[in-house]
Amino acid sequence: MYTSPAFRGNALAHCLALGIALALLCTGTIAQTVRPETTLRFGYSTGPTSFDPARSSSGGDRVFLLPLYDRLVRLNNAAEPVPMLATKWDVTNKGAGLVLTLRQGVVFHDGSPFNAQAVKANIDRMRNLPESTQKAVLRAVTDVQVLDASRVEFRCSVGCGGLIQSLGDTAGMMVSPNAFGNADLGSKPVGSGPFTLVEYRPGARAVYAPVAGYYDPANQKLGGIEISILPDDATRLNALRSGQLDMTFLRPYQVEEAKGAKLNVVGNNGSIWYYMGMNMSRSKFGDVRVRQALNHAVDKKRISESLLKGYCAPSDQPIREGVLGFARQTPKIVYEYDPAKAKRLLAEAGLANGFEFDAVVLSIPLFVQIGEAIQAQLAQVGVKMKVQTAPVPQAIGTYFGKGAIDAYFGVNLGQSDPSALVANLYLKEGFFNPSKFTTPGIQAAHAQSVERTDNAGRQAAFETIMKEALAQAYHIGVCDVLTPVAHSNVVRNVTPDIPTWTWDFNGLEIVRR
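Just so you know, these numbers come straight off a predicted model, no measurement behind them.

Asker: Teacher, can you tell me more about the overall build of the protein chain here?
Answerer: Along the backbone of the protein chain there are 14 helices and 21 strands. A globule of 513 residues ought to have a C-alpha radius of gyration of about 24 Å, and the protein chain, at 23 Å, matches this closely. Expressed as a percentage of the 513 residues in the protein chain, the buried residues total 58%. Here the contacts in the protein chain between residues at least 6 apart in sequence split such that 70% fall between residues at least 24 apart. Put simply, the protein chain shows about 19300 Å² of open surface, and 50% of that area lies on carbon and sulfur atoms. The distance from the centre of the 51 positive side-chain charges to the centre of the 44 negative ones in the protein chain is 2 Å.

Asker: Honestly, the packing of helix α13 (residues 440–451) against helix α14 (residues 455–472) in this entry has me stumped. Any pointers?
Answerer: Between α13 and α14, whose axes approach to 8 Å, the crossing angle comes to 160°. It follows that α13 is roughly antiparallel to α14 by the angle criterion. Handedness of the α13/α14 crossing: left-handed. Residues G441, I442, A445, H446, Q448 and S449 of α13 lie in contact with α14, whose contacting residues are G457, R458, A460, A461, F462, T464, I465, E468 and A469.

Asker: Sorry if this is basic, but what is going on with the pattern of salt bridges here?
Answerer: Opposite charge on two side chains allows them to pair when their charged atoms are near. Tallied over the full model, the rule gives 29 salt bridges. Here D169 ties to R62 by a salt bridge, and the two come within 2.9 Å at their closest N and O atoms. Residue D169 is located in the loop between α4 (163–166) and β8 (195–201), and its partner R62 is located in helix α2 (residues 62–65); the two are separated by 107 residues in the primary sequence. Using a relative accessible area of 4% as the deciding quantity, one classes R62 as buried. One salt-bridge network, in which partners are shared between bridges, spans D52, R55, R125 and E131.

Asker: Would you mind showing me how to read the sheet that holds strand β5 (residues 97–102) here?
Answerer: Consider a sheet: its strands pair through backbone hydrogen bonds, and that pairing is either parallel or antiparallel. One open sheet accounts for 4 strands, arranged β4-β5-β7-β6; its pairing is antiparallel. One side of each edge strand has no neighbouring strand; the edge strands of this open sheet are β4 (86–92) and β6 (141–148). The mean angle between the axes of side-by-side strands here comes to 20°, regardless of whether they run parallel or antiparallel. Judged from the 6 bridges that link them, β4 and β5 form a sheet pairing that is antiparallel. Bridge pairing in β5 places K88 opposite T101. Relative to β6, helix α3 (residues 116–128) is tilted by about 170°, and along the sheet it contacts β5, β6 and β7 (151–156).

Asker: Would you take a moment to explain the sheet that holds strand β19 (residues 485–487) for this structure?
Answerer: Strand order in the open sheet formed by 7 strands is β8-β9-β10-β1-β11-β19-β12, and the pairing between neighbours is mixed. Among the strands making up the open sheet, the edge pair consists of β8 and β12 (264–266). On average, each strand axis in the sheet is tilted by 20° relative to the strand beside it, whichever way the strands run. Taken together, the 2 bridges between strand β1 (residues 39–44) and strand β11 (residues 247–249) define a ladder with parallel strand orientation.

Asker: What's the story with the nonpolar core in this structure? I'm lost.
Answerer: Looking at soluble globular proteins, one finds that nonpolar side chains tend to be buried together. Grouped together as the largest cluster of nonpolar side chains are 106 residues, with contacts concentrated most on Y208, Y274, L294, F357, I374 and L378. The leading source of residues in this core is strand β13 (residues 271–278), at 6 residues. Contact partners of L378, with chain neighbours within four places excluded, come to M276, L294, A297, V298, F357, V383 and M385. By size, the runner-up hydrophobic cluster in this structure holds 33 residues, among which are L138, V144, I164 and V450.

Asker: I keep staring at the packing of helix α12 (residues 418–426) against α13 and nothing clicks. Help me out?
Answerer: For any two helices packed against each other, the geometry comes down to the angle between their axes and how far apart the axes lie. It is at 10 Å that the axes of α12 and α13 come closest, and there the two elements cross at 160°. With respect to their mutual orientation, α12 and α13 come out roughly antiparallel. Of the two possible hands of crossing, α12 and α13 adopt the one that is left-handed. Residues S419, V422, A423 and Y426 of α12 lie in contact with α13, whose contacting residues are I442, H446, S449 and V450. Residue composition of the contact of α12 with α13, grouped by class: 5 nonpolar, 3 polar and no charged.

Asker: Would you take a moment to explain the packing of aromatic side chains for this structure?
Answerer: Overall, the coordinates contain 23 aromatic pairs when judged by the stated rule. Each ring, one from Y44 and one from F64, has its centre 6.0 Å from the other, and the planes form 80°; the classification is edge-to-face. Taken together, the residues span a long stretch of sequence, with Y44 in strand β1 and F64 in helix α2 at a distance of 20 residues. The residues Y44 and F64 share a single accessibility class, namely buried. Both rings, one in F108 and one in F114, keep their centres 6.0 Å apart while their planes meet at 75°; by these two values the pair is edge-to-face. The exposure class assigned to F108 is buried, which follows from its relative accessible area of 0%. The structure contains a cluster of three or more aromatic residues connected by ring pairs, namely F42, Y44, F51, F64, Y200, F249 and F505. Taking NZ or CZ as reference, R125 lies 4.8 Å from the ring centre of F180, over its face.

Asker: Would you take a moment to explain the state of the cysteines for this structure?
Answerer: Two cysteines joined by a covalent bond between their sulfur atoms form a disulfide. Across all of its chains, the model carries 2 disulfides by this definition. What links to what in the protein chain: the bonded cysteines, counted in sequence order, pair as 1-2, 3-4.

Asker: Would you mind showing me how to read the side chain of S176 here?
Answerer: Tracing the backbone through its elements, the reader meets S176 in the loop between α4 and β8. Accessibility expressed as a relative area gives 0% for S176, which makes it buried. Looking at S176, its side chain comes within polar contact range of the side chain of D110, at 2.7 Å.

The rules behind each value
Residues numbered from 1 in each chain as written. Predicted model: local features only at pLDDT ≥ 70, side-chain atom pairs only at ≥ 80, totals over all residues. Heavy atoms only, no water. Helix = DSSP H or I, 4+ residues; strand = E, 2+ residues; numbered from the N terminus. Rg over C-alpha atoms; globule rule 2.2 N^0.38 Å. Buried < 20%, exposed > 50% of the residue type's maximum accessible area, 1.4 Å probe, protein only. Contact = heavy atoms within 4.5 Å. Areas by Shrake-Rupley, 256 points an atom, 1.4 Å probe, with all protein chains shown as cover. Lys, Arg positive; Asp, Glu negative; His and termini not counted. Charge placed at Lys NZ, Arg CZ, Asp CG, Glu CD. Axes fitted to C-alpha atoms, helices over the stretch in contact; angles between N-to-C directions. Parallel < 35°, antiparallel > 145°, perpendicular 65-115°, else oblique. Left-handed = near helix turned anticlockwise from the far one by under 90°. Salt bridge = Lys/Arg side-chain N within 4 Å of Asp/Glu carboxyl O. Pairing = 2+ DSSP bridges. Core = buried A, V, L, I, M, F, W, Y, C linked by side-chain atoms within 4.5 Å. Nonpolar A, V, L, I, M, F, W, Y, C, P; charged D, E, K, R; others polar. Phe/Tyr/Trp six-rings, centres within 6.5 Å; stacked < 30°, edge-to-face > 60°. Lys NZ or Arg CZ within 6 Å of the ring centre and 35° of its normal. Disulfide = S-S within 2.5 Å. Polar contact = N/O pair within 3.5 Å; in protein donor to acceptor, adjacent residues only side chain to side chain.

In structure tokens, the structure reads:
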């Protein structure tokens, strides 16, 4: 049996983590020791881009951030906001204001108090930090007012619709304001959550210890969390089967194997979208005909059937069918596979002989395979896609952060509210829009999506956004897929509808016999 280096010398590693936790105690932080017998050992495919929520650039970072940072609200399994750092919220000013009443007596991991001033400082930082990845999510917020020590009011330009859901995601993660100036905040986080980071080895693992005196014991039943970074899908599943992990996510085509191994499989409430982004300010992608041509050149159904065993539903839309934001009036596949049409569009764009471009692909085996399949299909219409592979943090930083490469193949893990997702993908401020291209129609419809608080009105706005965004062919959508979770019997309190896009481990418990 193959044993990943992440698992070798486990006894020594646990001793190291214990030593670090004890050292932290001696220096005045509030970390407790890691208790190995009740520590959740979780397997994940990639490491975080940053432990600083304002600089986090991947939805996959949530698994690393949520144990550290309480949010202003928590989203339950139905993605409904429930109290966390805010115990109550009220819509004011005809929908253009949102007043939060805050939990009292909470402290950050450095001992500083959580209060209304800390909320204002965090949201102002998210909105104004030059490299913040949350600007588009908080685009509607124009001001944050401290009403008193335990109440804060968000003021929005046209409306605060969907804002409360966004405050249950990365935008609502609270960092100690005293740590804002820390040069190492991206690797040494200071939050107010149930756990604190006591060890991080990039590309290998992250270890978390419980925080002493945490206000919600029901959310701190684990004696620690150990996240092992294992890019290979088979390695993660084998580690779970052999008892080296307690829990991991699966690719859908691994479900039957996991069930056959008598593992518990849950998760019908979270999806990811496989897609390729094209930077419209680079290569030939400024011409919409070129972007449309490449869409027609990719056989999404064949990729799903050959590499994902049919479990991934071909889709040009970034939002899963059946949830708020999916455009019911627009086909799920706008760009059918049609190489002849792709060639005609390229010829109309003056590229009858094709062209070449550079693309970065996540260096995860499945993604490399899909990237190579797209590369081969584009070659059939005369387009040469030169592939570079890179770990998730570097790939995202190169394409989205720096805008330094023509295209990107990877995933979007969605966001807590569809207005936040489309803002990041299609508005000028959006982190996931390196082209900084938008249209007046998309901008107006997005304003409507945050102005309206009723789902019918918001859905009408999303219909408009999706129709126009797909006509502009921002991306080459491949498919969307649910992300199941497998766990052994030692993990308790896992519900069948666990939202696999959040990974906050809320209420989980380990019982080893």
